[in-house]
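Listed below, chain by chain, are the residues.
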Amino acid sequence: TLQCSRYFRDKAKFPRNIEFPVLDLFDKLEVGDNWEQKIPSAVLTKLGLTNYVRTPRNPIAPRLPPSQQSEGRPAPPGGSALPDSARGERILNPTFDSMFSPFKEMNVSCKSLRDKINTGLLPDLPVSKKYDGPMCLAYHTKGLCMTNCRCNQDHVSYSAEEYSTLKTWCDNNFRIA
């Protein structure tokens, strides 16, 4: 990386002790996170490298307000055919534990993991401390969920010790696939 290059260049030039840069590359590789540094599209365009400018595969159209949607037409891409009351509202986990940050940063949806659990490809999630059902994967690992979540009774704080079973589950099963 550029950090390593700068380190070795400065170390050769200057006799003083230069501290090696902190690299999180190996951590990102270990959890399957995207580790490649991205060059902004604007920079690539200015350099005349338009062949390397990435465009989204499935651009999401902005959701129209209900007043602009017609009754007979389906909701736009990125929108939902469900009424707002059925979708619920987004809520944040105010006590999000940083032990789940690597999973939050991964490009893995909780829905895809739950689908794999439902088909038997992954083991069940740990049981909630508040009810006899699974812990809410999105609330605890991504730091956000919806108010109408089927696991919303589990939208509560956990101690590090109480999180140990979910952390183990994530370490073993939270993978890009």
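Summarised in this report is the structure supplied together with it. Not measured: the values here are computed from a predicted model.

Definitions and cut-offs
Residues numbered from 1 in each chain as written. Predicted model: local features only at pLDDT ≥ 70, side-chain atom pairs only at ≥ 80, totals over all residues. Heavy atoms only, no water. Helix = DSSP H or I, 4+ residues; strand = E, 2+ residues; numbered from the N terminus. Buried < 20%, exposed > 50% of the residue type's maximum accessible area, 1.4 Å probe, protein only. Contact = heavy atoms within 4.5 Å. Areas by Shrake-Rupley, 256 points an atom, 1.4 Å probe, with all protein chains shown as cover. Phe/Tyr/Trp six-rings, centres within 6.5 Å; stacked < 30°, edge-to-face > 60°. Lys NZ or Arg CZ within 6 Å of the ring centre and 35° of its normal. Core = buried A, V, L, I, M, F, W, Y, C linked by side-chain atoms within 4.5 Å. Polar contact = N/O pair within 3.5 Å; in protein donor to acceptor, adjacent residues only side chain to side chain. Disulfide = S-S within 2.5 Å.

This part takes up the overall build of the chain. What the chain contains, in helices and strands, is eight helices and two strands. The secondary structure elements of the chain, listed N-terminal to C-terminal, are α-α-α-α-β-α-α-α-β-α. A burial count over the chain gives 26% of its 177 residues as buried. At a minimum sequence separation of 6, the contacts of the chain that also span at least 24 residues come to 55%. Within the structure as shown, the chain displays about 13,000 Å² of accessible surface, and the carbon and sulfur contribution to it stands at 54%.

Our next topic: the packing of aromatic side chains. Scanning all chains against the criterion turns up four aromatic pairs. When the ring of F100 is compared with that of Y163, the centres are 4.9 Å apart and the planes differ by 80 degrees; the resulting orientation is edge-to-face. Residue F100 is located in the loop between β1 (90-92) and α5 (101-105), and its partner Y163 is located in helix α8 (residues 160-173); the two are separated by 63 residues in the primary sequence. By the ring-pair criterion, three or more aromatic residues cluster together here, those being F100, F103, Y158, Y163 and F174. The positively charged end of K104 is found above the aromatic ring belonging to F96, 4.8 Å away from the centroid. Stacked on the ring of Y158, the Lys or Arg K129 has its end atom at 4.8 Å from the ring centre.

The next subject is the nonpolar core. Inside soluble globular proteins, nonpolar side chains tend to come together where they are buried. Ranked by size, the top nonpolar core spans 24 residues in total, and within it L113, C136, L137, L166, W169, C170 and F174 carry the most contacts. For this core, the elements supplying multiple residues, two or more each, are α6 (110-118), α7 (137-142) and α8. In terms of residues, this core owes the most to one element, α8, which gives four residues. Beyond its immediate chain neighbours, meaning those up to four positions away, L113 contacts V108, L122, L137, W169, N173 and F174.

Before going further, it helps to examine the side chain of T141. Along the chain, T141 falls in helix α7. Taking relative accessible area as the criterion, T141 reaches 0% and is therefore assigned buried. At a separation of 2.5 Å, a polar atom in the side chain of T141 contacts the main-chain carbonyl oxygen of L137. For T141, the residues in contact, after removing those within four places along its chain, are F96, F100, F103, K104, C110, L166, C170 and F174.

Below, the discussion takes up the state of the cysteines. In this structure the tally under the stated criterion is zero disulfides. The structure places no disulfide on C151, whose sulfur is separated from the nearest cysteine sulfur, that of C149, by 4.5 Å. For the unlinked cysteine C170, the closest cysteine sulfur is that of C110, found at 8.2 Å. On the basis of relative accessibility, which here comes to 0%, the residue C170 falls in the buried class.

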